[in-house]
Amino acid sequence: MHAALDLDNIQNWKVNESHSNKVKAITVNEPWNNNIALPPFTIPYVDISTQIRDPTRLRASFSWDKLRTLDTYHRHQSQIFRRGVLRRCNIRSTLQEDLQLNDLNPIQSFSHSPGSITKIEQKEGWVAIGSSVVGGLPDHIDAIRGRNPYNRPGSLIMWNHSVANDPAQYILKGHFFKFGCAGNYDEKNYAIHDIKFDPCNDLLVTSGSDYFVKIWQYDADGFPAGYTGEKLHPVKKFPCLHDLAFKPGTSILAVAERKLHVIYNILNNPSDVTFVVAPAGTRQRHSVGAMAWGANASNNLLFASSEPLEGNESIGYHKAFDIVHQRAVCDFDAREAGDSLALSNSGSTLALTTRNDDNHGNWLRFYDARRHDSRALLTVDLEKFPDDLEGEVNSLAFSPDDIYLALGRNDNKIHVYDSRMNDRLLYKFEHVGASRVAPGCKSYGVTKVQWVHSYSGSRLGLTTGGEDGCIRLWDTLGGVETPDDNVIAEAPSDIAYFSLGDRHKGEQPLIIGDCTGAISIFNCTNIADP
């Protein structure tokens, strides 16, 4: 070891004489001298004063700096603090206010429909309304033997508030058939099953009990007088025709009947690709009751679920089809009759509800739609329905963030599940108001569930319509299952259908159709039009 590194060598601890003018040795017995001079401590900096604009010139260019020079500014500012306005701004607004569903008032009501409302659709200010009609069932059920005195037009209404206030101007001759002898013709009007707007064109597509699909072209002024639309296929019928669905963002149309049809070029020379859901031996006894287009992770897929036409069967078939390669890619393992299905917004999860005959059970299954897995990820036994009711799930919907799944049941209840813990039932909501179902008519319970979120995305609510004639808004984050003040609108009869529109697209905030055929259009009176 070098001698200079030896800690025991006293010479290594001796103060260097060459620095004696800077360091002073202090012994233990010597008092501390506070007058020892230390060199000044300075921080070097770069002079940027020449690079800074004149602050007076900068401030004078803003309007709010000029306002501060006024005497009234300081006086009004003190009044704001004194009145406590700023403290009130910190109070959180209600869910209805954040979702702009507060103070809804009817701006127009009419009862031109001949039967219960079946569908309401909105697009950029236009409203399409479909309904049933007495004596408007398919011909093999409602045989044509003279005109039913209660059968009348009005099952299809197209309306726009900015074009005409009178909805009677847009009662279209929907699906009808002329019969009789020369000079003595009569008409049969058919019920409307479904209505869809083309996402890419000014086009409306309808399906009816006459088993035809019709196309309605409109412009800014609506329809020409006497317009009757055009049949998608002049002679081709779709037996047991039910639902319609456009592929999001396209004009590709899916038509559900006993088979599943994907139709391209619906305006000019439509081409039809057919998919089989039920096997050949059972096809005549089944129809496609629910379908949904894939999205994102399951793009170019079409999901379909079948249900039996006869009430004594409880078998169903549920498949996914690849429309590009035109083949079935998945046959899901559920074999009960289909009720409803819904696809998550990410396109990765498929929710399917099924039922058995005679109220022996109802199930909810989750499938991996992205991987085309036919085996259910999870099967949930739904809460038992009342014994005197054939239990059905009328509506099924994922929340915008795919966390919650809402089920609208025909026993007037709404169940909400957490999709992250799929077997966990979070809430049991119920329309507890007095029933407004007409005497002798059937109750359909909760006919629709629809999620709605604020424009900022910070608040989320669930809207439902039930047999109490009320549209209710549920706060799924609040945890209150039976609130007393969640009614946002009411109808004279039990709710058949409702539609929530986007005000920024010129649509109405809320339109309600009840089971008597009455339509009520609501607007927020305390919110200016965008």
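Refer to the structure above for everything that follows.
Reading the values: rules and limits
- Residues numbered from 1 in each chain as written.
- Predicted model: local features only at pLDDT ≥ 70, side-chain atom pairs only at ≥ 80, totals over all residues.
- Heavy atoms only, no water.
- Helix = DSSP H or I, 4+ residues; strand = E, 2+ residues; numbered from the N terminus.
- Buried < 20%, exposed > 50% of the residue type's maximum accessible area, 1.4 Å probe, protein only.
- Contact = heavy atoms within 4.5 Å.
- Areas by Shrake-Rupley, 256 points an atom, 1.4 Å probe, with all protein chains shown as cover.
- Salt bridge = Lys/Arg side-chain N within 4 Å of Asp/Glu carboxyl O.
- Pairing = 2+ DSSP bridges.
- Disulfide = S-S within 2.5 Å.
- Patch = residues over 30% accessible without salt bridge, like charges linked within 9 Å, V, L, I, M, F, W, Y side chains within 5 Å.
- Lys, Arg positive; Asp, Glu negative; His and termini not counted.
- Charge placed at Lys NZ, Arg CZ, Asp CG, Glu CD.
- Core = buried A, V, L, I, M, F, W, Y, C linked by side-chain atoms within 4.5 Å.

1. What about the overall build of the protein?
- The number of helices and strands found in the protein is five helices and 33 strands.
- Across the 530 residues in the protein, those meeting the buried criterion constitute 47%.
- At a minimum sequence separation of 6, the contacts of the protein that also span at least 24 residues come to 52%.
- Of the accessible surface of the protein, which amounts to about 28,400 Å², a share of 51% is contributed by carbon and sulfur atoms.

2. A short note on the pattern of salt bridges
- Throughout the structure, instances matching the rule amount to 18 salt bridges.
- The residue Arg 355 makes a salt bridge to Glu 390 at a minimum N-O spacing of 3.1 Å. Of this pair, Arg 355 sits in strand S20 (residues 349-355) while Glu 390 sits in the loop between strand S22 (378-381) and strand S23 (393-398), and the two are 35 residues apart along the sequence.
- Using a relative accessible area of 45% as the deciding quantity, one classes Glu 390 as partly exposed.
- For Asp 468, the salt bridge is made with Arg 472, and the minimal N-O distance between the two is 3.0 Å. Each of the two residues, Asp 468 as well as Arg 472, counts as buried.
- Members of the salt-bridge network, linked through shared partners, are Lys 119, Asp 194 and Lys 196.

3. Observations regarding the pairing of strand S2 (residues 117-123)
- Counting buried positions along S2 yields six of seven residues, so the element is predominantly enclosed.
- Here six bridges tie S2 to strand S3 (residues 126-131), and the two strands are oriented antiparallel to one another. Looking at S3, one finds that Glu 121 is bridged to Ala 128.
- Two successive antiparallel strands, S2 and S3, enclose a turn made up of two residues, where Glu 124 displays a positive phi of approximately 50 degrees.

4. Some words on the state of the cysteines
- Within the structure shown, the criterion is met by zero disulfides.
- The thiol sulfur of Cys 515 is not disulfide-bonded, and the nearest other cysteine sulfur, from Cys 441, lies at 8.0 Å.

5. A closer look at a negative patch on the surface
- The grouping of Glu 124, Asp 202, Asp 219 and Asp 221 at the surface amounts to a negative patch.
- Relative to the elements of secondary structure, Glu 124 occurs in the loop between S2 and S3.

6. Some words on unusual backbone geometry
- The phi torsion at Asn 300 lies on the positive side, around 70 degrees, for a residue other than glycine.
- With respect to the helices and strands, Asn 300 occurs in the loop between strand S15 (286-293) and strand S16 (301-308).
- One non-glycine residue, Gln 326, adopts positive backbone phi at about 55 degrees.
- Its location among the elements puts Gln 326 in the loop between strand S17 (318-322) and strand S18 (327-331).
- The class for Gln 326 is partly exposed, based on a relative accessible area of 47%.

7. A short note on the environment of Phe 332
- As for its placement among the helices and strands, Phe 332 is situated in the loop between S18 and strand S19 (337-343).
- Its relative accessible area of 2% is what places Phe 332 among the buried residues.
- Along the primary structure Phe 332 and Ser 374 are separated by 42 residues, whereas in three dimensions their C-alpha atoms are 4.2 Å apart.
- For Phe 332, the residues in contact, after removing those within four places along its chain, are Phe 303, His 318, Lys 319, Ala 320, Leu 350, Tyr 367, Asp 373 and Ser 374.

8. Quick notes on the nonpolar core
- In this structure, Leu 260 and Trp 293 are the most contacted members of the largest nonpolar core, which totals 18 residues.
- Taken together, the elements giving at least two residues each to this core come down to strand S12 (253-256), strand S13 (260-264), strand S14 (271-275), S15 and S16.
- Sorting elements by how many residues they give to this core places S15 first, with three residues.
- When sequence neighbours within four positions are dropped, the list of residues in contact with Leu 260 reads Val 255, Val 273, Thr 274, Phe 275, Val 277, Val 288, Met 291, Leu 302, Ala 304 and Phe 321.
- One finds Ile 471, Ala 489, Ala 491 and Ile 512 within the second-largest nonpolar core, a separate group that totals 17 residues.

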